[in-house]
Amino acid sequence: MTGAGISVDSGIPDFRSPGGIWDLFDPMEYAQIEAFHSNPEKVWKMLRALGDMVGDAEPNPGHLGLAHLERLGFLKTVITQNVDRLHQRAGNTDVVEFHGSDEHLVCLRCGKRYERQEVSQEDKGAVPRCECNAVLKPDVVFFGEPIPEQALVRADMAARGCKVMMVVGTSAVVFPASQIPFAAKRNGATVIEVNLEATPLTDSVTDFFLKGSSTSLLPSLVEAIEKTIL
Ligand code: ZN
């Protein structure tokens, strides 16, 4: 399970840190679904800034380490709270996007979906609109919106079925993401946490706490695993 921390070294600042999206745009003002409904033009200023941050990013050694772990047969599913698609681009094939993805835009009126690229290319500067003329919304989860049902179910199944859960770059304290490591632990999984600082998980569900950056720790971990299996 991963969060914003794993993408920081790809140039996407943690949302709440200086330079992060919630430092530049107050989430209470820009990230509530009601704000999108009442003033989509304003909210799209934040969405463009987010799109620029995410659009320039490349997978870093942390993402690549997880992809390598999958190729070695030790990692099955990645549950991510990130919307940047860097896990898929690194090579992981089973990724549960808990908070949706920045890749598609959806029409809240007629349900039509668009690739982000095709829309933003044609419509730079203006708010992207559907054929039906309603304003389009990126397929990311706003505050006040439910987690996509399928993501909830898949995350829960993966958590309850795993032998080991690695929690990387997230304190996972916000409901319902917060339930995932606990569900794994209750079902007998070993929990390995990779974070820069201790989190509320560290003294509750974590069995092994690896303190440091995922960019350096994950490749070392993969290398150590490779040595033991060769
Ligand atoms: Zn539409």
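Residues numbered from 1 in each chain as written. Predicted model: local features only at pLDDT ≥ 70, side-chain atom pairs only at ≥ 80, totals over all residues. Heavy atoms only, no water.

A. Expanded view of the domain arrangement of the protein chain. Per the domain assignment, the segments making up the protein chain are domain 1 (4-10 + 58-99 + 147-229) and domain 2 (101-140). Facing four residues of domain 1, the contacting portion of domain 2 comprises five residues. Approximately 360 Å² of surface area, both sides summed, lies buried where domain 1 meets domain 2, with 55% of it carried by carbon and sulfur atoms. Per-residue buried area on domain 1 facing domain 2 is highest for Val-83, Arg-85 and His-99; these three make up 87% of the total on that side. If you look at where domain 1 meets domain 2, you find one salt bridge. For Arg-85, the salt bridge identified is with Glu-103, shortest N-O distance 3.1 Å. At the junction of domain 1 and domain 2, the tally comes to two residue pairs in polar contact (both at pLDDT 80 or more). Per-class residue counts for the side of domain 1 that touches domain 2 are one nonpolar, one polar and two charged. (Domains from an automatic or database assignment. Contact = heavy atoms within 4.5 Å. Buried area = accessible area lost by both parts, 1.4 Å probe. Salt bridge = Lys/Arg side-chain N within 4 Å of Asp/Glu carboxyl O. Polar contact = N/O pair within 3.5 Å; in protein donor to acceptor, adjacent residues only side chain to side chain. Nonpolar A, V, L, I, M, F, W, Y, C, P; charged D, E, K, R; others polar.)

B. Representation of the coordination of the zinc ion. Here the zinc ion is held by the protein donor atoms Cys-107 (SG), Cys-110 (SG), Cys-130 (SG) and Cys-132 (SG), which lie 2.3 Å from it. Metal-centred angles of 103 to 122° between the four donor atoms at the zinc ion mark the site as tetrahedral. Coordination of the zinc ion draws on donor residues from a single chain, spaced C-x2-C-x19-C-x1-C in sequence. Taken together, the residues Cys-107 in strand β3 (residues 100-107) and Cys-132 in the loop between α7 (116-122) and β5 (136-140) connect sequence positions 25 residues apart. Residue classification places Cys-107 among the buried residues on the basis of a relative accessible area of 4%. (Donors = N, O, S within 2.8 Å, 3.2 Å for Na, K, Ca; no water. Tetrahedral: all angles 85-135°; square planar, octahedral: opposite > 155°, others 65-115°. Helix = DSSP H or I, 4+ residues; strand = E, 2+ residues; numbered from the N terminus. Buried < 20%, exposed > 50% of the residue type's maximum accessible area, 1.4 Å probe, protein only.)

C. Summary view of the pattern of salt bridges. Taken as a whole, this structure holds 14 salt bridges when the rule is applied. Glu-29 is the partner of Lys-42 in a salt bridge, and the nearest nitrogen-oxygen pair spans 2.7 Å. Of the two residues, Lys-42 sits in helix α4 (residues 40-55) while Glu-29 sits in helix α2 (residues 27-30), which places them 13 residues apart along the sequence. With relative accessibility at 24%, the residue Lys-42 sits in the partly exposed group. A salt bridge links Asp-156 to Arg-160; the shortest N-O distance between them is 2.8 Å. Residue Asp-156 and its partner Arg-160 are located together in helix α8 (residues 149-161), separated by four residues, close to a single helical turn.

D. Looking closely at unusual backbone geometry. Going from Phe-175 to Pro-176, the amide bond is cis rather than trans, its omega being 0°. Along the chain, Pro-176 falls in the loop between β6 (164-168) and α9 (179-186). Unlike most non-glycine residues, Arg-85 shows phi in positive territory, near 60°. Here Arg-85 lies in the loop between β1 (78-80) and α6 (86-90). With a relative accessible area of 23%, Arg-85 lands in the partly exposed category.

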